[in-house]
Amino acid sequence: MLSNHLKIAFRQLWRNPLFSLINIGGLAIGLACFLLIAQYVWFERSFDRQSPHAPYIWRVYTENYVNGALETRDANSHSAIGPTLKAELPEVVDYTRIYSARDLTAFRGRKPQLQQRAYAVDESFLRLFPHRVRHGQTRQALSQPNTVVLTASTARRYFGDRNPVGQTLRLVGGWFTGLHTVTAVVDDVPPNTHFRFEMLLSYQTLYSRGHEDNWENYWDYNYIQLRPDADPARVSARLSDLSRRFLSKSNLQLRMQPLTDIHLKSDLTYEHEPNGSARIVQFLLLVGLLILAIAWVNYSNLTTVRSLTRAKEVGLRKTIGAGRRQLVAQFLGEAILMNLLALGLALLLVQLAAPLFDTLTARPLSSSGFNQSTAFYGTLFALFLTSVLGSGLYPALVLSGYKPAWMLRGTFGRSQKGLALRKTLVVGQLVGMVVMLVATFTIYRQLQFMQHHDLGLAINQMLVVKAPLHDYTQDSLYGTKADVFRTEAGRLTGVQKMTASSVVPGDGINAIGGSSSGVYWKKRLTGEKETFYFVNVDEHFLDTYGVRRLAGPGFRTQEADWRRYCLINRAALKALGFPSAEAAVNESLVFGGEERQQADLRIVGVIDDFHIESLKMPTRPTLYYCAPVSRMAYFSFKLDARRIRSSTEELGALWQRLYPESPFEYFFLDQKFDEQYRAERRFGQLFGLFTGLAIVVACLGLFGLAAFSAEQRRKEIGVRKVLGASVAGLVVLLSRDFLKLVLLAVVVATPLAAWAMNRWLQDFAHKIQLEWWMFALAGLLTVGIALLTVSYQAVRAALMNPANTLRTD
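About the thresholds
Residues numbered from 1 in each chain as written. Predicted model: local features only at pLDDT ≥ 70, side-chain atom pairs only at ≥ 80, totals over all residues. Heavy atoms only, no water. Helix = DSSP H or I, 4+ residues; strand = E, 2+ residues; numbered from the N terminus. Buried < 20%, exposed > 50% of the residue type's maximum accessible area, 1.4 Å probe, protein only. Contact = heavy atoms within 4.5 Å. Salt bridge = Lys/Arg side-chain N within 4 Å of Asp/Glu carboxyl O. Arc of directions from axis to C-beta. Phe/Tyr/Trp six-rings, centres within 6.5 Å; stacked < 30°, edge-to-face > 60°. Lys NZ or Arg CZ within 6 Å of the ring centre and 35° of its normal. Core = buried A, V, L, I, M, F, W, Y, C linked by side-chain atoms within 4.5 Å. 1 Å grid on protein atoms, 1.4 Å probe; cavity = no way out; pocket = protein on both sides within 12 Å on 5 of 7 lines; lining within 4 Å. Points joined across faces, edges and corners; volume = space filled by probe spheres on them. Nonpolar A, V, L, I, M, F, W, Y, C, P; charged D, E, K, R; others polar. Expected span 1.5 Å × (residues − 1). Polar contact = N/O pair within 3.5 Å; in protein donor to acceptor, adjacent residues only side chain to side chain. Pairing = 2+ DSSP bridges. Patch = residues over 30% accessible without salt bridge, like charges linked within 9 Å, V, L, I, M, F, W, Y side chains within 5 Å. Areas by Shrake-Rupley, 256 points an atom, 1.4 Å probe, with all protein chains shown as cover. Axes fitted to C-alpha atoms, helices over the stretch in contact; angles between N-to-C directions. Parallel < 35°, antiparallel > 145°, perpendicular 65-115°, else oblique. Left-handed = near helix turned anticlockwise from the far one by under 90°.

**Things to note about the overall build of the protein chain**
Scanning the protein chain from terminus to terminus reveals 25 helices and 25 strands. Within the protein chain, the fraction of its 809 residues that count as buried is 52%. Within the protein chain, counting contacts between residues at least 6 apart in sequence, those at least 24 apart form 81% of the total.

**Regarding the pattern of salt bridges**
Should their charged atoms come close, side chains of opposite charge can pair. All told, the structure shown has 29 salt bridges when counted by the stated rule. For the salt bridge of arginine 234 with glutamate 91, the shortest nitrogen-to-oxygen distance reads 2.3 Å. Residue arginine 234 is located in helix H7 (residues 232–246), and its partner glutamate 91 is located in the loop between helix H3 (81–88) and strand S3 (92–100); the two are separated by 143 residues in the primary sequence. The shortest N-O distance in the salt bridge between aspartate 122 and arginine 97 comes to 2.9 Å. Linking aspartate 122 in the loop between strand S6 (118–121) and helix H4 (125–128) with arginine 97 in strand S3, this pair joins segments that are 25 residues apart in sequence. Each member of the salt-bridge network shares a partner with another, and the members are Glu88, Arg238, Asp241, Arg244 and Arg245.

**Quick look at H3**
Looking only at H3, the buried set comprises Ile81, Gly82, Thr84 and Leu85. Seen along its axis, H3 keeps its buried residues to an arc of 165°; they face one direction. The inward-facing, buried residues of H3 contact strand S1 (57–66), S3, strand S12 (220–226), H7 and strand S13 (252–258).

**Re the packing of aromatic side chains**
Applying the stated criterion to the full structure yields 33 aromatic pairs. Where tyrosine 99 meets phenylalanine 176, the ring centres are 6.2 Å apart and the plane angle is 45°; that geometry is what we call tilted. Taken together, the positions of tyrosine 99 in strand S3 and phenylalanine 176 in the loop between strand S9 (168–172) and strand S10 (178–186) put the pair 77 residues apart, joining distant regions of the chain. For the pair tyrosine 99 and phenylalanine 176, one class covers both residues: buried. Residues phenylalanine 125 and phenylalanine 195 carry aromatic rings whose centres are separated by 5.7 Å and whose planes lie at 80° to one another, so their mutual orientation is edge-to-face. Taken together, the residues phenylalanine 125 in helix H4 and phenylalanine 195 in the loop between S10 and strand S11 (199–202) connect sequence positions 70 residues apart. Phenylalanine 195 matches phenylalanine 125 in its accessibility class, with the two residues each being buried. A network of ring pairs unites the aromatic residues Phe485, Phe635, Phe637, Trp655, Tyr659, Phe664, Tyr666 and Phe668 as a single cluster. It is arginine 170 that lies over the ring of phenylalanine 107; its NZ or CZ is 4.2 Å from the centre.

**Brief notes about the nonpolar core**
Phe125, Tyr545 and Phe690 are the most contacted members of the largest nonpolar core, which has 148 residues in total. The leading source of residues in this core is helix H2 (residues 17–45), at 16 residues. Leaving out residues up to four positions away in the same chain, tyrosine 545 has contacts with Leu457, Ala458, Met462, Val464, Thr499, Val504, Pro505, Ser636 and Leu669. One finds Val495, Ala500, Ile568 and Phe635 within the second-largest nonpolar core, a separate group that totals 43 residues.

**A word on empty space enclosed by the protein**
One pass over the full model with this rule turns up six cavities of 30 Å³ or more. As for the second largest cavity, its lining consists of 15 residues, of which Phe610, Ile612, Glu613, Arg620 and Thr622 are closest to the centre. For the lining of the second largest cavity, a count of residues per class yields eight nonpolar, five polar and two charged.

**Digging into unusual backbone geometry**
The backbone of aspartate 48 shows a phi angle near 65°, a positive value even though the residue is not glycine. Mapped onto the elements, aspartate 48 comes out in the loop between H2 and S1. Even without glycine at this site, alanine 362 takes up a positive phi of about 55°. As for its position among the elements, alanine 362 is in the loop between helix H11 (324–361) and helix H12 (374–401).

**A look at the side chain of serine 266**
Considering the arrangement of structural elements, one finds serine 266 in the loop between helix H8 (262–265) and helix H9 (278–306). In this structure, serine 266 is in contact with Arg59, Gln257, Asp261, Glu271 and Asn275, ignoring residues within four places of it in sequence.

**Some thoughts on H7**
Since there are 3.6 residues in each turn of an α-helix, residues three or four apart along the chain are aligned in direction. When the terminal C-alpha atoms of H7 are compared, their 21 Å separation across 15 residues agrees well with the 21 Å that a helix rising 1.5 Å per residue should span. For H7, the full list of buried residues reads Val235, Leu239, Ser240, Leu242 and Ser243. Viewed along the axis of H7, the buried residues span an arc of 155°, placing them on a single side of the element. Where H7 is buried, its residues contact S1, H3, S12 and S13.

**Re the side chain of asparagine 64**
Topologically, asparagine 64 is positioned in strand S1. Looking at asparagine 64, its side chain comes within polar contact range of the side chain of threonine 531, at 2.4 Å.

**Brief notes about the pairing of strand S21 (residues 588–591)**
Burial along S21 is two-sided: the residues Ser588 and Val590 and Leu589 and Phe591 are all buried. Both strand S17 (residues 519–521) and S21 contribute to a ladder of three bridges, which runs antiparallel. Pairing of valine 519 across the sheet is with phenylalanine 591, part of S21. Bridge count between S21 and strand S22 (residues 601–607): two bridges; the pairing is antiparallel. Directly across from leucine 589, in S22, lies its bridge partner leucine 601.

**Examining a nonpolar patch on the surface**
Taken together, the side chains of Leu345, Leu348, Leu349 and Leu352 present a nonpolar region at the surface, about 350 Å² in accessible area. Its location among the elements puts leucine 352 in helix H11. The exposure class of leucine 352 is exposed, given its relative accessible area of 62%.

**Considering the environment of glutamate 661**
The topology assignment puts glutamate 661 in the loop between helix H19 (644–658) and strand S25 (666–668). Sequence separation of glutamate 661 and glutamine 113 is 548 residues, and the distance between their C-alpha atoms is 9.1 Å. If sequence neighbours within four positions are ignored, glutamate 661 has contacts with Arg110 and Pro112.

**Section: the environment of valine 495**
Note that valine 495 resides in strand S15 (residues 495–501). Since its relative accessible area comes to 8%, valine 495 is described here as buried.

**A look at the packing of H3 against H7**
Running from N to C, H3 and H7 point in directions that differ by 120°, and their axes come no closer than 12 Å. Accordingly, the angle class assigned to the pair H3 and H7 is oblique. Between H3 and H7 the crossing geometry is right-handed. Here Ile81, Thr84, Leu85 and Glu88 of H3 come into contact with H7, specifically with Arg238, Leu239, Leu242 and Arg245. Counted by class, the contact of H3 with H7 contains four nonpolar, one polar and three charged residues.

So this is what it looks like as structure tokens:
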């Protein structure tokens, strides 16, 4: 019996090659799209699960409230939290703190190298987050001051292929300036973690330099490990108690979040790395399910349509005694064969598309291990089983349920219920198509808006050079060299303007210092404590970047006591309560808390807001200091557009003459700022790609229903042609019903698309408004695509010879 079913199934494949290709191709595209998206979803959800303690690790973060409303949520928190929780709460088994060493300069010999992703951690860090050891041992690797653990690639960069344990590195940078001994080398950090380090320094080094655990400033990241049977709510309540005991004057609240939620569900400031988005993952997963559902519906429709040609076969089988169960088994067998072929083709498509998909997602998905995981094989099995049942069960039940007399007379298939169901399924396909088209237009428009929005400053033709690496403990001439560099660079023909600053637009919030203790207008010391941020610039910054001055003279030259003078932006003006920009000039500011006793800070000017962060974030209250060049991280040059290349080469030559040991690292600011929208741009490309594939697969469904409709009405068409109906009139007649389906789909899809896109736009502080033309254009495109698809079958039916259609079978 099984061999007979297989023979019939193969015979049907070869007898109807076009039908088979459309069916198998549609299923293969749907399965391939879902597998690619499932791979991405699996990778995004695999973040931070490498540690055996991951389910029990939580991160403590800080919420800042202003006027009772939540203002900011910071990923970092106070250094005293971990020790206090461990001492007071038995549920806390262990803790570790992470302190960012920011950009260190590392020396092997006399050559400096920029060392990023360097962090000071407690000795317990490698207990909470164990890593495979290459050299040395990690049990007490960071128990002493001035010790360091390197990743394998970092150790290779400094020491080659030698075992570096016991060797020393000279580091320069704040608390960590000095010689550090390498105690261990561990594997490189995997890409699916929110905290990727290259160098771990000992937290004991901070203590040896005078650091004390405190509840005033917070720059640390606190991770706690709970007992497996611990109640997180009890620990959260203790954090609230600590907030009341130590932070009541600052309006700060301590909260906690699971380690495994950080990558997708955390939108905090001062994150180690840009996080993913649970919303994007959900959107893509829904898209994958939608394409898969469309492919299954297509199979059902096309199989039902082709069943007309098998009416006599099925009727004869039932007449000579074939039971319904046998017929269901026959059609399900064909569905199994179709799905096996489609699944094989889908796996081939996934392999071919893997490099492109890795590039689009900027994730190493093809090497992530998903293809060897139990999740992959479980997904394949579930997909195959669901696909067979979802695409093959309905046609099997329908075809096996008709009476033999209907089939032999050719009157079957006219069930209004069956036709209504098929139309409903096609409307569902079209609804998904319209929603995806509106989403594609919205994402594109939002990206265009962010890339062309007025930033409040000029970034075109702006070349930015990173400040030279140096050992400020030994290089007393650094300031003089920097002045010489700025003077000689200003004489170059292609350099129109130049400035120095601690940050540049596009750096984001992580590069900016801030204070939650509050800044107040001295004449009005009441009010809530709002977070203020601080940026160092020189006196040429406003002119070079074209920042609009609202009031005041600004910085003339750098004052000797530069910490006593500042500019404020419009956001700070509002937060401080000044009635106007002019009213703020020459007024004094004081810091909150005990810092109010310090010298006044005088406002010398008010400037318009400009964006250092992306447009996803609001502009923050910021104070600008005219600081010495030693506190600057960047030199910015406004170049003549006609001499960009030659000016860059001349600046590089000047740099090498003054800083021969430091690399000439530069970038163009418009490109760097645009990088902030890389994630949104990738999402837009992915969404556009899958929208196109969904449209292709949906068109196959329309093709199937059009073929079914034309086959059902072939005698009617023959009669109409005999009575003089034109081809154009018949095409309109056959297409009219489909146009109704499309219009119904547009009506249903419009509120769904508006709801979905408004939810997506909630992530942006500066965003577009949904406009009517997006929905109209999506509807028109859907109508055009549907009519083009349907018109082929309509024209074909209208051109058929009436003698053939009216002949009695």
